[in-house]
Amino acid sequence: MNDNNWRFVKKRTAADGAVYASADGTRYRRTGGAALQAEVAFQSRVADLNYPVPHVLEEGVTDDGHFFVVEESLGDQTLHDQAVTSLDCGRALADDVTDTAAQVAARLLRAQAAHVVEPTPGALRQWLDRAGFTQNVFQENPDLDNPRTHAALDHALDRLVTTPLVHGHLDYGLPNVLSAGVIDWQHHGLVPLGYDVLPALEIIAFKGGTKGYTASPGQRHRYLAVLDDAARKATGQPISQNLGAYLLVKALFFLALMRPTDSSRTDKHLKWQYRRHLFTKGLEQYEHTGTVDTALFPGLDEFAAGHRAGDHP
Ligand SMILES: Nc1ncnc2c1ncn2[C@@H]1O[C@H](COP(=O)(O)OP(=O)(O)O)[C@@H](O)[C@H]1O
Ligand SMILES: [Mg+2]
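Residues numbered from 1 in each chain as written. Chains lettered and ligands numbered in written order. Predicted model: local features only at pLDDT ≥ 70, side-chain atom pairs only at ≥ 80, totals over all residues. Heavy atoms only, no water.

Draft legend 1. How the structure looks around the packing of helix 4 (residues 123-131) against helix 8 (residues 243-253). Viewed as axis vectors pointing N to C, helix 4 and helix 8 meet at an angle of 40°, and their least axial separation amounts to 8 Å. For the element pair helix 4 / helix 8, the angle class is oblique. On helix 8, the residues that touch Trp127, Leu128 and Ala131 of helix 4 are Tyr246, Val249, Leu252 and Phe253. Partitioning the contact of helix 4 with helix 8 into residue classes produces seven nonpolar, no polar and no charged. (Axes fitted to C-alpha atoms, helices over the stretch in contact; angles between N-to-C directions. Helix = DSSP H or I, 4+ residues; strand = E, 2+ residues; numbered from the N terminus. Parallel < 35°, antiparallel > 145°, perpendicular 65-115°, else oblique. Contact = heavy atoms within 4.5 Å. Nonpolar A, V, L, I, M, F, W, Y, C, P; charged D, E, K, R; others polar.)

Here it is, written out as structure tokens:
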């Protein structure tokens, strides 16, 4: 394979290495180290379990000793790209994007439900700590490491004990979804069924409006209905009752690694305070209703205006 034919796409977000596309757009190439090797092994394994993932075409070692993998392209636009290009003047997502998201999510959910993993003691707690980066969150926000937070998290885990454990993505969202399947499995691990797919339209709200689009309540409702239907057929049970517990964990995830080390960075400080606010709001909602309604989250601008006016701690 002639390396000159590969167009650089980007450096990998949360790992060493980079992503390249073939000149004709039919293949993608990633470089990296041991983590990429584990990612590819996982991807090949779940491809055999009918997960909607790109097939691995080639793997090996580059001249400078890095690991590389070539996989098939699942298309030229992620659903995030489609969401952005389909925006007219407003911020509403196009219905065909959310409906395609529901179809892909249902495919992944069905494959996951068909390959349940026997839980080990502590597996659910391990998922919570990994998915929610709890160690980092409590280190950066020691005031949140309190009995109230732990009571809510324990409650969420209790509610999930009967939910099957499956091989999951852990970074599922529109930027990693194409109509043909799901890419970017670097964070893979065990998750309770539905953790990947249920919050995909809700997590847009944690960006505070900076993504440029939002999913309407109707779109989110339809999306969850498709997943409940798929879950009922696969397991006999709906799945959307887990959304609140999952969003509590997402609120932790979005708070991780946010505390700026440089106190002069007021922009970063504001974003950290914003995510703290969303976590606290999500926690309150979870305590009162057992779920989290992301439609009630303020946007970043709105929060910033209130923050300047002294409305927020
Ligand atoms: N198999 C693929 N099919 C289609 N597009 C892909 C594929 N792999 C990567 N891409 C494109 O490259 C971008 C970066 O790849 P990704 O693995 O998501 O990197 P990162 O880990 O930095 O998020 C994606 O957002 C997508 O546009
Ligand atoms: Mg990605």
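Draft legend 2. Broad picture of the pairing of strand 5 (residues 67-72). Most of strand 5 is tucked away, with five of its six residues classed as buried. Both strand 3 (residues 27-32) and strand 5 contribute to a ladder of six bridges, which runs antiparallel. Bridge pairing links Thr31 to Phe68 in strand 5. Where strand 4 (residues 56-61) and strand 5 come together, five bridges link them in antiparallel fashion. Across the sheet, Val61 pairs through a bridge with Phe67, a residue of strand 5. (Buried < 20%, exposed > 50% of the residue type's maximum accessible area, 1.4 Å probe, protein only. Pairing = 2+ DSSP bridges.)

Draft legend 3. Broad picture of the coordination of the magnesium ion (ligand 2). With distances of 2.1 to 2.2 Å, the protein atoms coordinating the magnesium ion (ligand 2) are Asn176 (OD1) and Asp184 (OD). Judged by its relative accessible area of 13%, Asp184 falls in the buried class. (Donors = N, O, S within 2.8 Å, 3.2 Å for Na, K, Ca; no water.)

Draft legend 4. Focus on the environment of Leu144. Examined against the element boundaries, Leu144 turns out to sit in the loop between helix 5 (134-140) and helix 6 (147-160). When near neighbours in sequence (up to four residues on either side) are disregarded, Leu144 contacts Phe138, Thr149, Leu255, Arg276 and Phe279.

Draft legend 5. Structural view of the side chain of Asp184. By the secondary structure assignment, Asp184 is in the loop between strand 8 (181-182) and strand 9 (189-192). Looking at Asp184, its side chain comes within polar contact range of the side chain of Arg12, at 2.8 Å. Within the local environment of Asp184, its side chain forms a polar contact with the side chain of Asn176, the two groups lying 3.3 Å apart. Dropping the residues within four chain positions of it, Asp184 is found in contact with Arg12, Arg30, Glu39, His169, Asp171 and Asn176. (Polar contact = N/O pair within 3.5 Å; in protein donor to acceptor, adjacent residues only side chain to side chain.)

Draft legend 6. Up close: the site of ligand 1. Around ligand 1, the structure places 21 residues, and the nearest of them are Lys10, Thr13, Arg30, Glu71 and Asp184. The separation between an oxygen atom of ligand 1 and a polar side-chain atom of Lys10 is 2.4 Å. In the model, an oxygen atom of ligand 1 is placed 2.9 Å from a nitrogen or oxygen of the Gln186 side chain. Protein contact buries 90% of the 550 Å² of open area that ligand 1 shows by itself. Among the elements that line the shell around ligand 1, the one with the most residues is strand 1 (residues 6-11), at three residues. Taken together, the residues of the shell around ligand 1 break down into eight nonpolar, six polar and seven charged. (Near = heavy atom within 4 Å. Areas by Shrake-Rupley, 256 points an atom, 1.4 Å probe, with all protein chains shown as cover.)

Draft legend 7. View of the pattern of salt bridges. Under the criterion given, the structure shown has 11 salt bridges. Here Asp154 ties to Arg125 by a salt bridge, and the two come within 3.0 Å at their closest N and O atoms. Remark: Arg125 occurs in helix 4 and Asp154 occurs in helix 6; sequence separation between them is 29 residues. Given the relative accessible area of 31%, Asp154 is considered partly exposed. In this structure Arg125 comes out as partly exposed when scored by relative accessible area, which is 38%. (Salt bridge = Lys/Arg side-chain N within 4 Å of Asp/Glu carboxyl O.)

Draft legend 8. Structural detail: helix 9 (residues 266-289). With 24 residues, helix 9 extends 34 Å between its outermost C-alpha atoms, agreeing within 8% with the 34 Å of an ideal straight helix rising 1.5 Å per residue. Along helix 9, the residues classified as buried are Trp272, Gln273, Tyr274, Arg275, Arg276, Leu278, Phe279, Gly282, Leu283, Gln285 and Tyr286. In this fold, the buried residues of helix 9 make contact with helix 5, helix 6, helix 8 and helix 10 (300-308). Positioned one or two residues after helix 9, Gly290 has a phi angle of 80°, which is positive. (Expected span 1.5 Å × (residues − 1).)

Draft legend 9. Layout of the sheet that holds strand 5. Strand order in the open sheet formed by five strands is 1-2-3-5-4, and the pairing between neighbours is antiparallel. With partners counted over all chains shown, the strands left at the sheet margins are strand 1 and strand 4, one partner each. Strand-to-strand twist of the sheet, defined as the mean angle between neighbouring strand axes without regard to direction, takes the value 20°. Pairing of strand 2 (residues 18-22) with strand 3, which is carried by three bridges, proceeds in the antiparallel orientation. Following the sheet pairing, Tyr20 is matched in strand 3 by Arg29.

Draft legend 10. Layout of helix 4. Within helix 4, burial applies to Ala123, Leu124, Trp127, Leu128 and Ala131. Taken end-on, helix 4 shows its buried residues confined to a sector of 145°, consistent with a single buried face. On the buried face of helix 4, the contacting elements are helix 5, helix 6, strand 6 (165-168), strand 9 and helix 8. Phe133 lies just past helix 4 and shows a positive phi near 45°. (Arc of directions from axis to C-beta.)

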